[in-house]
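Residues per chain are reported as follows:
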Amino acid sequence: MDIRYRFPAGFWWGSATSATQIEGAAREGGKGKNIWDYWYEIEPNRFFDNVGPETASDFYHLYKEDIRLMKEIGHNSFRFSISWSRLVPGGRGKVNPEAVNFYNHVINELLKNGIEPFVTLYHFDMPLELQEEGGWESREVVEAYKNYAAQCFRLFGDRVKMWFTFNEPIVPVEGGYLYDFQYPNVVDFRRAAQVAFHTMLAHAKAVEAFREAGIRGGKIGIILNLTPSYPRSRHPADMKAARIADLFFNRSFLDPAVLGEYPEELVRLLQEYGQLPAFRKEDLEWIKNYKIDILGVNYYQPRRVKAKDHLPNPYSPFMPEWFFDYYEMPGRKMNPYRGWEIYEKGIYDIMVNLKENYGNIECYVSENGMGVQDEERFIRDGMIHDDYRIEFIKGHLIWLHKAIREGCNVKGYHLWTFMDNWSWTNAYKNRYGLVSVDLRTKKRTPKKSAWWFKSLAENNGF
């Protein structure tokens, strides 16, 4: 077959997911409660169709079958997360032997099938007891996380070489402390800034624990959802709006993770408005000394902004949106189910930025994908014909290929996600998987995209 876009040898083809979204068994195997288990208990109405995380896709029981299927559709790598509340119920103290057993089985099964495990330590799922102490607002929780990370390296570091401290650390900041779409549903920028800072401090301490663990051939990184900020026009006011949006939503985590320091302009801006978090001088040294080896990039959609049309209400809570308005570009291509713009070139722009401004750090696309509602509409001959997903992946890979050709240090592409999974407050509203999951029977059925992905991985291109 004619391969027009060939990727470098050893390229990682696979997918990504997280513990709370696929494991299920929320009350089994000695697992403690996390904030999602708790929030669902108290406010089930906040979740689409009132569906919570208790059974999810039941990976806890069906992992062998799933890993076999991953191999069959061409995976050579797979990113999943360890549930802190499963491994260390309550967040501190003794590890849960049943959890150790489960994760050992998953890791060994992946390796047996020639799939490299990529492990995320934290994917939005704070143990409830630690949230009650203040979650990431608390320095004690930062220390508890460092100990949890060290336990993971000790237990699994002999086989797992690719580690990631956090997935999309800005999302719990936005969801939990600014815009009320995640527990604990606080709206307070000052507290959000504290959560963001302590998350980066926890990240640096986990990197330190990783260095101390001396995992041979191991690498540690972080997964960031980088959303390029595009100005409406070249007018200086629009350009400034985009620059400030970029500072808040991208550089607030990207700069400390890769460069070891915060952007001066962001610090000045927060100072001016009295929104700086509390920190100690040695915290900044930690962040400076413990930088990442590899960066995971999640990309779904662009952020388009313009200068504000109206002055912010001085009596409203301080928000990033005091400095820009969102802008809907005429003629944009949309995924109508998620309400997200599809802009494939964004993936190229991110990689070029990493090359030019971040030392061309080793990176990979850790998530990219398309969620669609009611996919049953597309069943023919017992299979979902999701040509829209194949087109979506191709469109992004063409731009990724161009970035690689121009010297960007990109090592792989992971789709979100392997099988339809539970998606936080959206539950199962939109489906993202290469494999469909029948929610009643948990039966797995590969979609057309799964077989296309298999040929993509086997040919190392398309």
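Just so it is clear, the structure is predicted and the values come from calculations on it, not from any experiment.

Participant: In this structure, what is going on with the nonpolar core? I would like to understand it.
Facilitator: Taken as a class, soluble globular proteins show a tendency for nonpolar side chains to be buried jointly. In terms of nonpolar packing, the biggest core is built from 140 residues, with Trp84, Leu87, Trp136, Phe156, Trp163, Leu295 and Leu400 touching the most fellow members. With 14 residues, helix H9 (residues 189-213) is the largest single contributor of residues to this core. Counting residues in each nonpolar core, the second largest holds 7 residues, with Trp12, Phe118, Met162 and Tyr364 among its members.

Participant: Would you mind going over the layout of surface pockets with me for this structure?
Facilitator: Taking a probe equal in size to a water molecule and rolling it over the atoms shows the remaining empty space. Each pocket or cavity is described by its volume, and for the largest pocket that value is around 1100 Å³. Along the wall of the largest pocket there are 41 residues; nearest its centre are Phe181, Asn225, Gln301, Arg338 and Trp340. Of all the secondary-structure elements, those providing two or more residues to the lining of the largest pocket are helix H8 (170-177), helix H10 (236-259), strand E8 (303-306) and strand E11 (340-341). Top contributing element to the lining of the largest pocket by residue count: H8, with 3 residues. Here the lining of the largest pocket is built from residues that sort into 17 nonpolar, 14 polar and 10 charged. Taken as a whole, the second largest pocket spans an internal volume of roughly 640 Å³. In terms of lining residues, the second largest pocket is bounded by 33 residues, among which Phe197, Ser252, Tyr262, Leu266 and Val267 are the most central. Among the secondary structure elements, those contributing two or more residues to the lining of the second largest pocket are H8, H9, H10, helix H11 (264-272) and helix H12 (281-289). It is H10 that contributes the most residues to the lining of the second largest pocket, 7 residues altogether. Taken together, the residues of the lining of the second largest pocket sort by class into 23 nonpolar, 2 polar and 8 charged.

Participant: Looking at this structure, I do not really get the side chain of aspartate 37. What am I missing?
Facilitator: By the element assignment, aspartate 37 lies in helix H2 (residues 35-42). Of the polar contacts made by the side chain of aspartate 37, one reaches the side chain of lysine 31; its length is 2.6 Å. If near-sequence neighbours (up to four positions away) are discounted, aspartate 37 is found in contact with Ala26, Lys31, Gly32 and Pro53.

Participant: Explanation requested: the pairing of strand E12 (residues 363-367) in the structure shown.
Facilitator: The side chains of a regular strand alternate between both faces of the sheet. Counting buried residues along E12, 5 of its 5 residues qualify, which places the element largely inside the surrounding structure. Strand direction decides the pairing type here: strand E7 (residues 294-298) and E12, joined by 4 bridges, are parallel. Among the inter-strand pairings, leucine 295 is bridged to a residue of E12, identified as cysteine 363.

Participant: Just checking my understanding: could you explain the pairing of strand E4 (residues 162-167) for this structure?
Facilitator: Of all the 6 residues making up E4, 6 are buried; the element is thus mostly covered by neighbouring parts of the structure. Relative to E4, strand E3 (residues 116-122) is paired through 4 bridges, and the arrangement is parallel. What sits directly across from threonine 120, in E4, is phenylalanine 164. Bridge count between E4 and strand E5 (residues 219-225): 4 bridges; the pairing is parallel. Following the sheet pairing, methionine 162 is matched in E5 by lysine 219.

Participant: Would you take a moment to explain helix H3 (residues 59-72) for this structure?
Facilitator: Every α-helical turn comprises 3.6 residues, leaving residues that sit three or four positions apart pointing alike. With 14 residues, H3 should reach 20 Å at 1.5 Å per residue; the first-to-last C-alpha distance of 17 Å falls well below that figure. When the local axis directions of H3 are compared, the greatest deviation, roughly 40°, occurs at glutamate 65. Among all positions in H3, only Phe59, Tyr60, Tyr63, Asp66, Ile67, Leu69 and Met70 are buried. Buried residues along H3 sit in contact with helix H1 (19-22), strand E2 (77-81), helix H4 (84-87), helix H5 (97-112), strand E18 (435-437) and strand E19 (444-446). In the stretch just after H3, glycine 74 is the one whose phi turns positive, near 95°.

Thresholds applied
- Counting starts from 1 at the beginning of each chain's written sequence and moves along it residue by residue.
- In keeping with the predicted nature of the model, local features appear solely for residues at pLDDT of at least 70, side-chain atom pairs appear and are counted solely at 80 or more, and the whole-chain, interface and lining totals rest on all residues.
- Values reported for side chains reflect all heavy atoms of the structure, with hydrogen atoms and water molecules removed beforehand.
- Among buried residues, the Ala, Val, Leu, Ile, Met, Phe, Trp, Tyr and Cys ones that are joined through side-chain atoms within 4.5 Å form a nonpolar core.
- Any residue under 20% of the maximum accessible area for its type is buried, any over 50% is exposed, and the rest in between are partly exposed; the area is computed with a 1.4 Å probe on protein chains only.
- Numbering of helices and strands runs from the N terminus, with a helix taken as a DSSP run of H or I at least four residues long and a strand as a DSSP run of E at least two residues long.
- The method works on a 1 Å grid over the protein atoms by themselves. A cavity is a set of points holding a 1.4 Å probe that cannot get out, a pocket is an open set with protein on both sides within 12 Å along at least five of seven lines, and residues with an atom within 4 Å of a point line them.
- Grid points are joined across faces, edges and corners, and a volume is the space filled by probe spheres set on the points.
- Three categories are distinguished: nonpolar for Ala, Val, Leu, Ile, Met, Phe, Trp, Tyr, Cys and Pro, charged for Asp, Glu, Lys and Arg, and polar for the others, with Gly belonging to the last.
- Think of a polar contact as two N or O atoms within 3.5 Å of one another; within protein, one of them needs to be a possible hydrogen donor and the other a possible acceptor, and neighboring residues in sequence only count if both atoms come from side chains.
- In this description, contact between two residues means that some pair of their heavy atoms is separated by no more than 4.5 Å.
- The pairing criterion is simple: DSSP has to find at least two bridges between the two strands.
- Helix span, expected: 1.5 Å multiplied by one less than the number of residues in the helix.
- What is called the bend at a residue is the angle between a pair of axes, fitted to the seven residues leading up to and ending at it and to the seven starting from it.

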